[in-house]
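# Chain and residue survey
In case you want the letters, here they are:
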Amino acid sequence: MYHDFSFGIRDVAELCGLSGEIDRYPNRVSIDINCPFCGGKKKMNLNLRKDVFGCNRCGEKGGMLALYGKMFGVDGQTAYREITDKLGDTWKTKQPCIEVENRKQEREQERTVSDRIKDQAYTALLSMLPLSDTHKRKLLGRGLTETQIEQNGYRSTPVFGFRKITEKILESGHTVEGVPGFHEDSEGRWTVHFGQKASGILIPIRNTQGLITGMQIRLDRPYEGRKYVWLSSVNFPKGASSGSPVHLAGKAGDGVVYVTEGALKGDIAHAVSGKTFVCVPGVNQYVNLEPFLQEMKKLGSRQIYDAYDMDKFLPPVCRGDYNEKCIFCEQYRKNQGYGKKSCEKKQIKRDNIQRGCRKLAELCQRLELPERMLVWDTDENGEWAERVKGIDDYLVSLKKAGCDS
């Protein structure tokens, strides 16, 4: 176990719901389990001595924080905070079974906070917040109308008065305990957590009943490569994790359903086309996707389309245009870019998205739901022409051109 951590990969695997196979072999230090990312049977190895994992099928690998971060779509720093919070300060070694069971029950109670309670608290929260003119202009620029913006319930994050807002929610008879984002402060009073870096547009995440089960924030100032963060309070007293719920934009049980990444993207695509979109928080975050699609099937859905971004066919060519760090890339400087060599970072990006596409296809096959992939903006080689990436922008471009979507 790394000396910098008070926990091991066995503990992290338990938090990720992967501990079943490990518990069967308590004395082994290297266990092969089913990969949660690609679904490969016995393809992921957990090295309990070195606290690392690796899948010999999809190539996912890393340490404890990477495992948790990939499962729940958070960065390493957030992963560390959430793990230590869930395991507790005294978690230095593997605890007795009774204590493990108590922690499992506590997490189960957190997961079973009803969606209706969350919806009531979030609806009350949104009713007290405005949408700034700046944020409204940005949403209008993405293709939404003022009516659609209001119907979807977007609001701007507040900059102060968090405890007062929460007090008003409680005074109106709603519960905030167990609702992600709400927690007790140092004085034992309820408040809601909006971090200093988390100013932006609040995006309601809705289930098949239209209830708000979570909230994302489209950041005004993205950081660490992140444009979105969850409204979460997992690191605070009586707080709760968002759980990364799936979002529905459209009609529950619609016959034809399109799966894409990002709630706002799905909202815009639905508003422009009238089609129904199931929106995952990340292309490789499918922990909650299978039960969601299963429910949609029960409600009447019969056809699934993969509408993930077109960088699933991103040409992995070095042009010095991947990000601002390209100028420091030795390969780019040596070859002066422009298609002379392949770009490793682009290839990794492409592989990650295609892995998500394969996982979606596997889920649909398991659920006996026919699945097809949507493609647009391709060149003569069938690769992305790099003009229109997302399904929302593609549908908006069709509308502007006067074409039927």
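To be clear, the structure that these remarks concern was listed above.
Description of the structure in this document. (Residues numbered from 1 in each chain as written. Predicted model: local features only at pLDDT ≥ 70, side-chain atom pairs only at ≥ 80, totals over all residues. Heavy atoms only, no water.)

Bringing the sheet that holds strand β15 (residues 371–373) into the picture now. One open sheet holds the five strands; their spatial order is β11-β13-β12-β14-β15, and the pairing between them is mixed. In the strand order of this sheet, the two ends are held by β11 (247–249) and β15, each with one partner. Pairwise comparison of adjacent strand axes, ignoring direction, gives a mean angle of 25° for this sheet. Where β11 lies against strand β13 (residues 276–280), three bridges are found, and the strand directions are antiparallel. (Pairing = 2+ DSSP bridges. Helix = DSSP H or I, 4+ residues; strand = E, 2+ residues; numbered from the N terminus. Axes fitted to C-alpha atoms, helices over the stretch in contact; angles between N-to-C directions.)

Per the counting criterion, the structure on display carries two cavities of 30 Å³ or more. By volume, the second largest cavity is sized at about 30 Å³. As for the second largest cavity, its lining consists of Ile205, Gln216, Trp230, Pro245, His247, Gly262, Ala263, Cys279, Val280 and Pro281. The residue inventory of the lining of the second largest cavity, partitioned by class, reads seven nonpolar, three polar and no charged. (1 Å grid on protein atoms, 1.4 Å probe; cavity = no way out; pocket = protein on both sides within 12 Å on 5 of 7 lines; lining within 4 Å. Points joined across faces, edges and corners; volume = space filled by probe spheres on them. Nonpolar A, V, L, I, M, F, W, Y, C, P; charged D, E, K, R; others polar.)

When you tally the buried positions in β13, you get five out of five residues, the bulk of the element. Where strand β12 (residues 256–261) meets β13, five bridges bridge the pair, whose relative direction is parallel. Across the sheet, residue Tyr258 finds its bridge partner in β13, namely Phe277. Regarding the hand of the β-α-β motif, the stretch spanning β12, helix α10 (residues 263–273) and β13 is right-handed. (Buried < 20%, exposed > 50% of the residue type's maximum accessible area, 1.4 Å probe, protein only. Right-handed = clockwise from strand over helix to strand, strands pointing away.)

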